[in-house]
Amino acid sequence: MYGREQAKGDYREDRRNLFENNTDVMLTFDKSVTPSLDVTASVGGNIRSFQYNSSFASTDYLNVPGWYNLNNSLFTRQVFNYGSDMRVLSAYSFVDITYNRYLTLSLTGRTDKHSTLPASNNSYFYPSASLSLQVSEMVQLPDFFTFLKLRGSYAKVGSGLTRSTIPAAYLVAGRDVIDYGNDYYTPYEGPNYINSSGYDIRFPYNNQPSAYSPTTIVNPNLEPSFSTAFETGIDMKFLNNRVALDLTYFNATDGPNVFNLPLSEATGYGAAVENGIKTRKKGYEVVLGIRPVKTPDFNWQVDFNWSTWRETLDEIYPGVDKLGRFLEVGDRIDAYYAGEFVKSPDGQNIIDGSGRPFANPVPQFLGYTNPDWTWGVRNTLTYKNFGFGFQFDGAVGGNIINYIQRQTFRGGRHEETVLNNIKDANGLGMGDARYQDYLGNKTWVAEGVVIANGVAPEYDVDGNITNYAEMEFAKNTTTTYLQDYISRYYANEEANLMSRTFAKLREVTITYNFPAEKFKGKVIQGASVSLVGRNLLYFAEEKNVDVEQFTGTTSAGSVSGYSDLQSPTLRRFGVNLNFTF
């Protein structure tokens, strides 16, 4: 490898081994206890063994060019190793009880003993329960009611200190070897050593090893993380199943989790591992199905769904009033704070002496990143052997930053910089102003006002100007180079804010089912062929960014408001052949 600054080459060996073993035993009971009571129950246990080993060695430049061997290192070799073991002992059970076909109760319980947790708190129990009552089987309903069911469920899930990514050995040691290699990803969750005290070995003086003590205080009384969820709903069908309506309400609490509580550096540490931070997610979902036409030859089915939810900060930690700089208990966790322009009392941008807008020194609230609600429509029509269906869906509300716009403007490569769609205060287009930049002329006049009497803005801790009364404003007339203006203006998140509202023609299908009589007495009992198109139309504020790919908020206090340099969403076409035997 010759990518480093001295270009003398390197030789590296990276070895990683992951072994996962699960042993299960289960005993099941299934019986009709009485003619009206059915019971199914199981008890079981699991032993999980997880082992991961990683070793990494690299030369620090080659001493002899072209000889690729770890002994051929110009400076001290870099060697790292990492062993990661985990054991989980589990016992679990469940029971399903059905009475007279209309009442069903399901109960589960599980206990885990986890090696990643302190011995005093390494065993934890988490249950679930669900109850459904099919009223239409229990009592006689009016004729227009075909089906009616009430349902509710509760679940609590616990977890030890685990994570889905397993880093390479050199990353665990706090080193990054020129961004070499990737983390392992495992769906089974490996151990997380956030609550383990370890030293970091580095070579700060004359290439001699030195031990760096940890800066995070471990917690011998740390408890597992928990998430709980409650859901209730009603399912209804009317007019001989021509209309179906499902209504759902859900309320879920995530936490208390495990997090690093910031500490004053005067303590000699930067953080302490603690249990805390709870968020609560509440929302509703409505699904409506309508069959306007139902005949032997022609059927038409339309399905609508709509949902909305909000996640708020429910709890932080005793004595802690804010999570990060802005979030308080009761706030939505997807609140986005970022750069905003300083404005006059009437809302105009204030321009400085260079002809460019002031940026507020304190991040400001720019909206919420999650949508207000989501929706979908599925339409299906069949006529004899032919079928046609399409699906529209999308979301309404939410704001994010158009990162592609931000970077292409600042790099001078956005198409608008050669067009005249965007104009300055005097009506000069960007394309003409850019040509004047090339000629060495400052021609761009930013929209906004200047402080005519030269009073400097003064701010409070929240970024609000406190001395408006001392200021006098006048229309901005200062000229500047377009690219200088763009570099300042589009570096500010407010200039790149865009809506997450979108709609997609998700799928269109055309199907032909071959007549059943053609397959009588044959091995193949039926066949169909379908033409399928996906992502055929996309409606959004900015067509060059697929806002649906934005992952959004991952946890409280970690809102990322930027879109990414994503791969474009593909419009796809295909043919499906389906055979029934």
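The structure reproduced in this document is the subject of the present report.

The rules behind these values
Residues numbered from 1 in each chain as written. Predicted model: local features only at pLDDT ≥ 70, side-chain atom pairs only at ≥ 80, totals over all residues. Heavy atoms only, no water. Phe/Tyr/Trp six-rings, centres within 6.5 Å; stacked < 30°, edge-to-face > 60°. Helix = DSSP H or I, 4+ residues; strand = E, 2+ residues; numbered from the N terminus. Polar contact = N/O pair within 3.5 Å; in protein donor to acceptor, adjacent residues only side chain to side chain. Contact = heavy atoms within 4.5 Å. Core = buried A, V, L, I, M, F, W, Y, C linked by side-chain atoms within 4.5 Å. Buried < 20%, exposed > 50% of the residue type's maximum accessible area, 1.4 Å probe, protein only. Patch = residues over 30% accessible without salt bridge, like charges linked within 9 Å, V, L, I, M, F, W, Y side chains within 5 Å. Areas by Shrake-Rupley, 256 points an atom, 1.4 Å probe, with all protein chains shown as cover. Salt bridge = Lys/Arg side-chain N within 4 Å of Asp/Glu carboxyl O. Axes fitted to C-alpha atoms, helices over the stretch in contact; angles between N-to-C directions. Parallel < 35°, antiparallel > 145°, perpendicular 65-115°, else oblique. Nonpolar A, V, L, I, M, F, W, Y, C, P; charged D, E, K, R; others polar. Pairing = 2+ DSSP bridges.

**Remarks on the packing of aromatic side chains**
Next, step 1: Applying the stated criterion across every chain, the model contains 25 aromatic pairs.
Next, step 2: Between the aromatic rings of Tyr 435 and Tyr 438, the centroid separation amounts to 5.9 Å while the plane-to-plane angle is 35 degrees, which identifies the pairing as tilted. With Tyr 435 and Tyr 438 both in helix 4 (residues 430-439), this residue pair falls three residues apart, about one helical turn.
Next, step 3: A network of ring pairs unites the aromatic residues Phe 341, Phe 409, Trp 444, Tyr 485, Tyr 489 and Tyr 490 as a single cluster.

**Section: the side chain of Gln 301**
Next, step 1: Inspection of the secondary structure puts Gln 301 in strand 17 (residues 298-315).
Next, step 2: For Gln 301, the side chain forms a polar contact with the side chain of Arg 291, separated by 3.1 Å.
Next, step 3: Here Asp 303 takes part through its side chain, which lies 3.1 Å from a polar atom of the side chain of Gln 301.
Next, step 4: When sequence neighbours within four positions are dropped, the list of residues in contact with Gln 301 reads Gly 289, Ile 290, Arg 291, Arg 378, Asn 379 and Thr 380.

**As for the nonpolar core**
Burial of nonpolar side chains together is a common tendency in soluble globular proteins.
Next, step 1: Core analysis: the largest hydrophobic core is formed by 14 residues, its most contacted members being Met 430, Trp 444, Leu 482, Tyr 485, Ile 486, Tyr 489 and Tyr 490.
Next, step 2: Every element with two or more residues in this core is listed here: helix 4 and helix 5 (482-489).
Next, step 3: By residue number, the principal contributor to this core is helix 5, which donates four residues.

**Description of a nonpolar patch on the surface**
Next, step 1: Together, Phe 388, Ile 510, Val 523, Leu 531, Val 575, Leu 577, Phe 579 and Phe 581 make up a nonpolar patch on the protein surface, roughly 860 Å² of accessible area in all.
Next, step 2: Looking at the nonpolar patch, the element that brings in the most residues is strand 32 (residues 572-580), giving three residues.
Next, step 3: Along the chain, Leu 531 turns up in strand 31 (residues 526-540).
Next, step 4: Residue Leu 531 is classed as partly exposed on the basis of its relative accessible area of 48%.

**Considerations on the pattern of salt bridges**
Next, step 1: Tallied over the entire structure, the rule returns 19 salt bridges.
Next, step 2: Arg 488 is the partner of Asp 352 in a salt bridge, and the nearest nitrogen-oxygen pair spans 3.1 Å. One end of the pair, Asp 352, is in the loop between strand 20 (335-338) and strand 21 (364-368); the other, Arg 488, is in helix 5, and 136 residues separate them in sequence.
Next, step 3: For Asp 352, a relative accessible area of 15% gives the class buried.
Next, step 4: Residue Arg 488 is classed as partly exposed on the basis of its relative accessible area of 24%.
Next, step 5: It is possible to trace a salt-bridge network through shared partners that takes in Asp 393, Lys 504, Arg 506, Asp 546 and Glu 548.

**Comments concerning the environment of Thr 215**
Next, step 1: Within the element layout of this structure, Thr 215 appears in the loop between strand 10 (208-212) and strand 11 (216-217).
Next, step 2: Through-space distance from the C-alpha of Thr 215 to that of Ile 401 is 34 Å; in sequence the pair is 186 residues apart.
Next, step 3: In contact with Thr 215, other than residues within four places in its own chain, are Tyr 269, Gly 270 and Ala 271.

**Things to note about the packing of helix 4 against helix 5**
Next, step 1: Relative orientation of the contacting elements helix 4 and helix 5 amounts to 120 degrees, with a least axis distance of 8 Å. Taken together, the axes of helix 4 and helix 5 are oblique relative to one another. Facing Met 430, Ala 433, Arg 434 and Asp 437 of helix 4, the residues of helix 5 in contact are Leu 482, Gln 483 and Ile 486.
Next, step 2: Across the contact of helix 4 with helix 5, the residue classes break down as four nonpolar, one polar and two charged.

**What about the pairing of strand 23 (residues 386-396)?**
Next, step 1: Note that strand 22 (residues 373-383) and strand 23 share 11 bridges and pair antiparallel. In the strand pairing of strand 23, Trp 373 is matched with Val 396.
Next, step 2: Here strand 22 folds back onto strand 23 in antiparallel fashion, the turn holding two residues, of which Lys 384 has a positive phi close to 50 degrees.
Next, step 3: Pairing geometry for strand 23 and strand 30 (residues 502-513), over 10 bridges, is antiparallel. Directly across from Phe 388, in strand 30, lies its bridge partner Ile 510.

**Things to note about the sheet that holds strand 15 (residues 271-276)**
Next, step 1: Strands sit in the order 11-15-14 across an open sheet of three strands; the sheet is mixed. Of all the strands in the sheet, just strand 11 and strand 14 (257-262) have a single pairing partner and so form its edges.
Next, step 2: Bridge analysis of strand 11 against strand 15 gives two bridges, and the strand direction is parallel. Considered in strand 15, the bridge of Ile 217 is made with Ala 272.

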